[in-house]
There are 2 protein chains.
Amino acid sequence: MIKVSILGTGNVATHLFRAFSNSAEIEIVQVIGRNKEALQAFGKEEKTTTDFSRLKFSDIYIVALSDSSINFVSQEITINNSLIVHTSGNTPMSALSTHQRRGVFYPLQTFSKSNELDFKNVPVCLEANDEADLALLKKLAHLVSENVYEISTEQRKSLHLAAVFTNNFTNYIYHVGSEICKENNVPFEILSPLIQETAEKIKSLSPFDAQTGPARRGDHNTISNHLEQLNNPEYKAVYELLSKSIEKTYGKEL
Amino acid sequence: MIKVSILGTGNVATHLFRAFSNSAEIEIVQVIGRNKEALQAFGKEEKTTTDFSRLKFSDIYIVALSDSSINFVSQEITINNSLIVHTSGNTPMSALSTHQRRGVFYPLQTFSKSNELDFKNVPVCLEANDEADLALLKKLAHLVSENVYEISTEQRKSLHLAAVFTNNFTNYIYHVGSEICKENNVPFEILSPLIQETAEKIKSLSPFDAQTGPARRGDHNTISNHLEQLNNPEYKAVYELLSKSIEKTYGKEL
């Protein structure tokens, strides 16, 4: 049995709490947060607290807070000899350097509280200051996920950057698509199967090999037509830049 | 029973052939193409031909060819009184104007021959010159797909443009993500669940509401760090433009 406490009540804390609760091998000792109301979603009152000085003993404390709070809040953990980890993609493990036993438990997924997802499929990226702690984190991660990776701080930084592209920027591109549909009275749902298939395809094909479309073909006629169709200067700029980048990637100049 | 002939042997022709073959209500009369070898994938020899003058009678002829060939090849169809349709998102119905009965049967999906997909989920966008022909196209479309839409030439043009964003540009963004992973020795597969979930999310949430990330939060600290991390000037330009566009969308200036 691994004893775990979670610091935080946000999206990551919520999904970790749910995943840990489903394992008979994990005991959630406490959930600690500033907001009493938010804590109510985490079960019985005696298992939650707003008072950082009332921490009970756990094997692992998981600091599931915003990047800017990790360093400060982790210093409030005064229990010695336990392992302290954060869950951030973009924060070095050294943010926890007041603790000798430190590490990272980074679940690489986009979480929202309302969204049920199967934690088994969530990749968990681990880092620790020593081998025994890494083994402990691996044990914990394997109890909730089938995708466990050992990832250095540098690698995690690059993963976080790649995730901004594939999650945040992709979502913005979806937004542009939905706005074009709205302007022309076409339901955006028509594009949903295409969007799902585009995401599905890269499981069996590299994005480099999966690329299609006018820029890939060097079809300047279609590109000009599309640029004429676009009224919004923002969307025009995005269309132009991405088309140029695609043409460069495949060795043609616009 | 609807009698259909397909002109073309490419990706769209292949997937239409497979879908039509699975319906007991559709008879594929002929597949017509220039390339004898490519035609072999379409069954018995007597059902295929390279000779456009040997067309047999069908209720509908589907011109599943590249945009630039549609007008020219459709003029080779000399059988009168049948319905001629093309399958292009980006070509007006008027490209078939030598035929009195004309229309569009546009399956909005990214097709590759090797990729099995369930045609039932493919949205089919229909247009026709008259009501009876539209009804005939609807009957055909409903035999193979559960997503059938009546879409004008103007609407189809905007759908095609939106599809370039959500399919081609999204795939390029995936490519950038995979290159960042490669440079840092991280397997790109780690990002796959995030990519799938990002695509899945828009089924229940608008992309506008689903947007997260540093640009959405106005987190200029993280944005600067990411720009520093990026060595490739192309990727830097994409990161900058998309971040600025996201900030503008949510009312903040970079």
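Note that this is a predicted model, so its numbers are computed, not measured.

Enquirer: With reference to specific residues and values, describe the layout of surface pockets.
Expert: Over the atoms, a rolling probe the size of a water molecule traces out where space has been left empty. Roughly 1,200 Å³ of volume is contained in the largest pocket. Lining the largest pocket are 39 residues; nearest its centre among them are A:Ser66, A:Asp67, A:Ser88, A:His160 and B:Arg217. Of all elements in the fold, only helix 1 (11-21), helix 3 (67-74), strand 6 (102-107) and helix 5 (153-183) of chain A together with helix 8 (214-217) and helix 9 (220-229) of chain B reach the threshold of two or more residues within the lining of the largest pocket. It is helix 5 of chain A that provides the largest number of residues to the lining of the largest pocket, a total of six residues. Here the residues of the lining of the largest pocket sort into 13 nonpolar, 21 polar and five charged. Quantified by volume, the second largest pocket comes out at close to 1,000 Å³. Taken together, 39 residues form the lining of the second largest pocket, with A:Thr212, A:Arg217, B:Val12, B:Gln109 and B:His160 sitting closest to its centre. Ranked by residues supplied to the lining of the second largest pocket, first place goes to helix 5 (residues 153-183) of chain B with five residues.

Enquirer: So what's going on with the sheet that holds strand 2 (residues 26-32) of chain B? Residues and values would help.
Expert: Residue and element names in this part refer to chain B. Across the sheet, which stays open at both edges, the eight strands sit in the order 3-2-1-4-5-6-7-8 with mixed pairing between neighbours. Here the strands that pair on one side only, and so sit at the sheet edges, are strand 3 (48-49) and strand 8 (147-150). Judged from the five bridges that link them, strand 6 (residues 102-107) and strand 7 (residues 123-128) form a sheet pairing that is antiparallel. Looking at strand 7, one finds that Val104 is bridged to Glu127. With respect to the sheet, helix 4 (residues 131-144) is in contact with strand 1 (2-7), strand 2, strand 4 (60-63), strand 5 (83-86), strand 6, strand 7 and strand 8, its orientation differing from that of strand 7 by roughly 165°.

Enquirer: Talk me through the sheet that holds strand 2 (residues 26-32) of chain A; I want residue IDs and the actual numbers.
Expert: All names here are of chain A. Spatially, the eight strands line up as an open sheet ordered 3-2-1-4-5-6-7-8, and their pairing is mixed. The sheet terminates laterally at strand 3 (48-49) and strand 8 (147-150), the two strands that pair on one side only. Pairing geometry for strand 2 and strand 3, over two bridges, is parallel. In the sheet register, Val31 faces strand 3, and the bridge partner there is Thr48. Strand contacts of helix 4 (residues 131-144): strand 1 (2-7), strand 2, strand 4 (60-63), strand 5 (83-86), strand 6, strand 7 (123-128) and strand 8, with the helix running at about 165° to strand 7, the strand carrying the most contacts.

Enquirer: Describe the environment of A:Thr14, with residues and values.
Expert: Residue and element names in this part refer to chain A. Within the fold, Thr14 resides in helix 1. Spatially, the C-alpha atom of Thr14 lies 46 Å from that of Arg217, the residues being 203 residues apart in sequence. Those residues in contact with Thr14, other than ones at most four positions away along the chain, are Thr9, Phe42 and Lys113. Within the local environment of Thr14, its side chain forms a polar contact with the backbone oxygen of Gly10, the two atoms lying 2.6 Å apart.

Enquirer: Can you lay out unusual backbone geometry for me, pointing to particular residues and giving the numbers?
Expert: The backbone of A:Asn81 sits at a positive phi, close to 70°, despite the residue not being glycine. Its location among the elements puts A:Asn81 in the loop between helix 3 and strand 5. Residue classification places A:Asn81 among the exposed residues on the basis of a relative accessible area of 66%. Even without being a glycine, B:Asn185 presents a positive backbone phi close to 55°. Secondary-structure assignment places B:Asn185 in the loop between helix 5 and helix 6 (192-201).

Enquirer: Can you break down the packing of helix 5 of chain A against helix 10 (residues 233-249) of chain A residue by residue, with the values?
Expert: Residues and elements named next belong to chain A. As a packed pair, helix 5 and helix 10 sit with axes 11 Å apart at the nearest point and diverge in direction by 125°. When the axis of helix 5 is compared with that of helix 10, the two are oblique. As helix 5 packs across helix 10, the resulting crossing turns out to be left-handed. Residues Tyr172, Ile173, His175, Val176 and Glu179 of helix 5 pack against Tyr235, Val238 and Leu242 of helix 10.

Enquirer: Which residues make up the relation of the copies chain A and chain B, and what are the values?
Expert: With an RMSD of 0.0 Å, chain A superimposes on chain B once it is rotated by 180° and translated 0.0 Å along the axis. The transformation just described matches what one would write down for a two-fold rotation axis. For chain A, the minimum C-alpha distance to the rotation axis belongs to A:Thr170 and amounts to 2.8 Å. When the interface residues of chain A are mapped onto chain B, 100% of them are again interface residues, pointing to one common binding face.

Enquirer: Can you break down a positive patch on the surface residue by residue, with the values?
Expert: A surface patch of positive charge is lined by A:Lys44, A:Lys47, A:Arg54 and A:Lys56. In this structure, A:Arg54 sits in the loop between strand 3 and strand 4.

Enquirer: Quick rundown of empty space enclosed by the protein? Include the residues and the values.
Expert: The final tally for this structure, using the stated rule, is one cavity of 30 Å³ or more. The space that makes up the largest cavity amounts to roughly 50 Å³. Those elements giving two or more residues to the lining of the largest cavity turn out to be helix 5 of chain A together with helix 6 of chain B. At three residues, helix 5 of chain A tops the list of elements feeding residues into the lining of the largest cavity. Residues belonging to the lining of the largest cavity are distributed by class as follows: one nonpolar, seven polar and one charged.

Reading the values: rules and limits
- Numbering of residues starts from 1 in each chain and follows the order in which that chain's sequence is written.
- To label them, take the chains in the order written and letter them from A, then take the ligands in the order written and number them from 1.
- The model is predicted, so local features are restricted to residues of pLDDT at least 70 and side-chain atom pairs to those at 80 or more, both for listing and for counting; the totals for chains, interfaces and linings are taken over all residues.
- Think of the side-chain values as coming from all heavy atoms in the structure, minus any hydrogens and water.
- Using a 1 Å grid laid over the protein atoms alone, points where a 1.4 Å probe fits but cannot get out form a cavity; open sets with protein on both sides within 12 Å along at least 5 of 7 lines form a pocket; any residue with an atom within 4 Å of a point counts as lining.
- Grid points are joined across faces, edges and corners, and a volume is the space filled by probe spheres set on the points.
- Only DSSP runs of H or I covering at least 4 residues are called helices, and only runs of E covering at least 2 are called strands; the numbering of each starts at the N terminus.
- Residue polarity is assigned by list, with Asp, Glu, Lys and Arg as charged and Ala, Val, Leu, Ile, Met, Phe, Trp, Tyr, Cys and Pro as nonpolar; anything else, Gly included, falls into the polar class.
- A pair of strands is treated as paired once DSSP finds two or more bridges between them.
- Here, two residues are considered to be in contact whenever any of their heavy atoms come within 4.5 Å of each other.
- Note on method: axes are straight lines fitted to C-alpha atoms, helices fitted across the in-contact stretch only, with angles between N-to-C directions ranging 0 to 180 degrees.
- We call two N or O atoms a polar contact when they sit within 3.5 Å, provided that within protein one can donate a hydrogen and the other can accept it, with sequence-adjacent residues counted only if both atoms are side-chain atoms.
- Relative accessibility under 20% of the residue-type maximum defines a buried residue, over 50% an exposed one, and the middle range a partly exposed one, all with a 1.4 Å probe and only protein chains included.
- Here roughly perpendicular refers to angles of 65 to 115 degrees, roughly parallel to angles under 35, roughly antiparallel to angles over 145, and oblique to all remaining angles.
- Throughout, a crossing is termed right-handed when the near helix is turned clockwise from the far one, and left-handed when it is turned anticlockwise from it by less than a right angle.
- Superposing copies: least-squares fit, C-alpha atoms only, residues required to have pLDDT of at least 70 in both.
- Patch members must show over 30% relative accessible area and no salt bridge, and they are joined within 9 Å when carrying like charges or within 5 Å when they are nonpolar side chains of Val, Leu, Ile, Met, Phe, Trp or Tyr.
- Methods summary: accessible areas were calculated by the Shrake-Rupley approach with a probe of 1.4 Å, and residue burial reflects only the protein chains presented.
- Salt bridges are identified by distance alone: a Lys or Arg side-chain nitrogen within 4 Å of an Asp or Glu carboxyl oxygen.
- This count recognises Lys and Arg as positive and Asp and Glu as negative, with His and chain-terminal groups excluded.
- A charge is said to be at NZ when it belongs to Lys, at CZ for Arg, at CG for Asp and at CD for Glu.

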